[in-house]
Amino acid sequence: MAALIKAANAKIRSNPVSNYLLSTHFWGPASNFGIPVAAILDTQKSPELISGQMTGALVVYAFTFMRYSLAVTPKNYLLFACHFTNAGAQLTQGYRYMNYHYWGGKDKAVPAAVPAVPSA
């Protein structure tokens, strides 16, 4: 049975495409794409829901692993693309957070949310 498994593994690994698709160089970034996808979808939500600390941590995380993805051998361009997308999405969220909490966005949003009282 072990020989059969070894033979099947050798057959799969002999094809460069299937070897790549079965490696952590593919599945790590593929599963990690959930973070930037969630951040992109969150751009449609209210900026009052954004955590400034978490957004800052995710920006540092994205830039750190962008660098890491090019430092490993072989270079992992899929991981780089994932973290590049994440950095862009998190920087967008960071801008929305700063705009809402520190640059007057909250003041502009409050009057728009209050309904006008009809005059009697």
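Cut-offs applied
Residues numbered from 1 in each chain as written. Predicted model: local features only at pLDDT ≥ 70, side-chain atom pairs only at ≥ 80, totals over all residues. Heavy atoms only, no water. UniProt positions renumbered as here; feature names shortened; annotations may be inferred. Helix = DSSP H or I, 4+ residues; strand = E, 2+ residues; numbered from the N terminus. Contact = heavy atoms within 4.5 Å. Areas by Shrake-Rupley, 256 points an atom, 1.4 Å probe, with all protein chains shown as cover. Phe/Tyr/Trp six-rings, centres within 6.5 Å; stacked < 30°, edge-to-face > 60°. Buried < 20%, exposed > 50% of the residue type's maximum accessible area, 1.4 Å probe, protein only. Polar contact = N/O pair within 3.5 Å; in protein donor to acceptor, adjacent residues only side chain to side chain.

Going by an unreviewed UniProt entry, the protein carries the name Mitochondrial pyruvate carrier and comes from Lasiosphaeria hispida. What the UniProt record of the protein gives under Sequence similarities (unreviewed entry) is the line "Belongs to the mitochondrial pyruvate carrier (MPC) (TC 2.A.105) family." Word for word, the UniProt comment on the protein under Function (unreviewed entry) is "Mediates the uptake of pyruvate into mitochondria."

Here we take up the overall build of the protein. Of regular secondary structure, the protein possesses 7 helices and 0 strands. Sequence-ordered secondary structure for the protein, helices as α and strands as β, is α-α-α-α-α-α-α. Of all intrachain contacts in the protein linking residues separated by at least 6 positions in sequence, the fraction that spans at least 24 positions is 68%. Accessible surface for the protein amounts to roughly 8500 Å². Of this, 69% is attributable to carbon and sulfur atoms.

On to the packing of aromatic side chains. Taken as a whole and assessed by the stated rule, the structure comprises 6 aromatic pairs. Consider the rings of Y95 and W103, whose centres lie 5.8 Å apart with planes at 50°: the pair is tilted. Owing to a relative accessible area of 52%, Y95 belongs among the exposed residues under this scheme. What makes W103 partly exposed here is its relative accessible area of 48%. Consider the rings of Y97 and Y102, whose centres lie 6.1 Å apart with planes at 70°: the pair is edge-to-face. Exposure remark for Y97: the relative accessible area of 19% places this residue in the buried category. Residue Y102 is classed as exposed on the basis of its relative accessible area, which comes to 54%. Clustering of aromatic rings is evident, with ring pairs tying together Y61, F65 and Y68.

Cis rather than trans, the peptide bond between T73 and P74 has omega equal to -5°. Relative to the elements of secondary structure, P74 occurs in the loop between α5 (52-71) and α6 (77-101).

Here we take up the side chain of N32. When you line up the elements, N32 lands in helix α3 (residues 24-32). Given the relative accessible area of 14%, N32 is considered buried. Among the polar contacts listed, one links the side chain of N32 to the side chain of Y61, at a separation of 3.2 Å. Setting aside anything within four residues of it in sequence, one finds N32 in contact with Y61, L79, C82 and H83.

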